[in-house]
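Descriptive structure summary
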Amino acid sequence: MPYIGRFAPSPTGLLHFGSLIAAVGSYLQARSQNGRWLLRMEDIDPPRAQPGAADAIIATLRAYGFEWDGPIRYQSTRGAAYDAALDRLRADGWLFPCSCSRREITEAGGVYPGTCRNGPPDMVEAARPMALRVRSDGPRIHFHDALQGDFDVDVAATVGDFVLKRADGLFAYQLAVVVDDAEQGVTEVVRGSDLLDSTARQIHLQRLLGYRTPDYVHLPVVIDQDGYKLSKQTYAAPLRDDDPIPALCAAMAFLGQAVPEEMAFAALGDFWAWAIRNWRLVDVPRRLSAPGIAFNGLRDAVPPLS
Ligand code: GLU
């Protein structure tokens, strides 16, 4: 089966060194196997979107020399496909409306206790806005991650029935990612280990919807001096569009690849030719996280560890 990979940023801010790792890792896994690499904008959460971020992300990826196959898919245009998937789950009896608040679930211990599975408990509850949840009962989920090893997850016990459409009408990430990965024919998902936690839920949904489960590679995420994941929320500095090579070399080093010194002066095309030819997944550290690597122009974002 021909390889299809993807990079799926959410336009909630600009790309930073942490996002670059997922972009580089997914790109090289695809290109080193003559595969296709898709770009998908996960813009399903307008309240969290930052105006202009989607275009800025695309501009940065271009400036860094990434070349995606086919048109960019915007999840904001995919409501009909997500609703169709919900209809199928509903017809099969897996979906139910739920009026519980986040606080009620936290108070119940964080795992959804199944309160509304057989209908909201009373009429007052029924008047509240409803989310749609999917039942999570079923066999435990086993999966193998090419870097992080084997997992065996009881979704019902660890998460419970989870939300696929929120009470405010927005589709949940878990639903959108599963429908699009399947409909786009993605054969391998390469992303940060912060999403490892979502994988069992996604496999559960794939099974309910009759989709094939892709292979998984969860890369180590970049952490700062205090051990926090580099993210928009921690104000990670955006990547500079005018000087991609230092960041790309640092990303390769972070991913455990031996970067020849002369790469620091390489033209973008030469850098990618070298990177695609020499990419070795087996050299990527089998860790959930690792400190960043300082490089020109991003010292503030990724301080060297003392
Ligand atoms: N849109 C998600 C993010 O930016 C990534 C989704 C995925 O790779 O599955 O964190």
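What you are looking at is a predicted structure, and each value in this text was computed from that prediction instead of being measured.

**Focus: the packing of aromatic side chains**
Applying the stated criterion across every chain, the model contains 13 aromatic pairs. On the basis of an interplanar angle of 75° and a centroid distance of 4.8 Å, the ring pair of Tyr27 and Trp37 is categorised as edge-to-face. Of this pair, Tyr27 sits in helix α1 (residues 17-31) while Trp37 sits in strand β2 (residues 36-41), and the two are 10 residues apart along the sequence. Of the two residues examined, Tyr27 and Trp37, each falls in the buried class. Ring geometry for Tyr27 and Phe66: centres 5.1 Å apart, planes at 75°, overall edge-to-face. Of this pair, Tyr27 sits in helix α1 while Phe66 sits in the loop between α2 (53-63) and β3 (73-74); the two residues are 39 residues apart in sequence, bridging distant segments of the chain. Among the aromatic side chains, those forming a connected cluster through ring pairs are Phe7, Tyr27, Trp37, Phe66, Phe271, Trp272 and Trp274.

**Topic: the packing of helix α3 (residues 79-91) against helix α7 (residues 173-183)**
For the pair α3 and α7, interaxial distance at closest approach is 10 Å and the crossing angle is 100°. Considering their axes alone, α3 and α7 lie roughly perpendicular with respect to each other. The residues of α7 that touch α3, namely those facing Ala81, Tyr82, Ala85 and Leu86, are Leu175, Ala176, Val179, Asp180 and Glu183.

**Side note on the packing of α1 against helix α10 (residues 268-278)**
At a minimum axis distance of 8 Å, the contact between α1 and α10 shows a crossing angle of 70°. When the axes of α1 and α10 are compared, the pair comes out roughly perpendicular. Seen along the crossing, α1 lies across α10 with a hand that is right-handed. Along its contact with α1, which presents Val24, Tyr27, Leu28 and Arg31, the element α10 presents Trp272, Ala275 and Ile276. Residues that form the contact of α1 with α10 fall into these classes: six nonpolar, no polar and one charged.

**Some remarks on the nonpolar core**
If you look at the biggest cluster of nonpolar residues, it comprises 51 residues, and the most contacted ones within it are Phe17, Leu20, Val24, Leu61, Phe66, Phe271 and Trp272. Elements with a minimum of two residues in this core: α1, β2, α2, β10 (215-219), α9 (244-254) and α10. Here this core takes nine residues from α1, the largest share from any one element. With residues up to four places along the chain from it excluded, the contact list for Phe66 reads Leu20, Ala23, Val24, Tyr27, Trp37, Leu61 and Trp272. Counting residues in each nonpolar core, the second largest holds 32 residues, with Leu38, Phe143, Leu175 and Ile203 among its members.

**Thoughts on the side chain of Thr12**
For Thr12, the location among the structural elements is in the loop between β1 (4-7) and α1. Among the residues examined, Thr12 registers a relative accessible area of 17% and is labelled buried. Once residues lying within four places of it in the same chain are set aside, the contact partners of Thr12 are Arg48, Ala49, Gln50 and Lys232.

Basis of the calculations
- Residues numbered from 1 in each chain as written.
- Predicted model: local features only at pLDDT ≥ 70, side-chain atom pairs only at ≥ 80, totals over all residues.
- Heavy atoms only, no water.
- Phe/Tyr/Trp six-rings, centres within 6.5 Å; stacked < 30°, edge-to-face > 60°.
- Helix = DSSP H or I, 4+ residues; strand = E, 2+ residues; numbered from the N terminus.
- Buried < 20%, exposed > 50% of the residue type's maximum accessible area, 1.4 Å probe, protein only.
- Axes fitted to C-alpha atoms, helices over the stretch in contact; angles between N-to-C directions.
- Parallel < 35°, antiparallel > 145°, perpendicular 65-115°, else oblique.
- Contact = heavy atoms within 4.5 Å.
- Left-handed = near helix turned anticlockwise from the far one by under 90°.
- Nonpolar A, V, L, I, M, F, W, Y, C, P; charged D, E, K, R; others polar.
- Core = buried A, V, L, I, M, F, W, Y, C linked by side-chain atoms within 4.5 Å.

Structural measurements only, silent on function.
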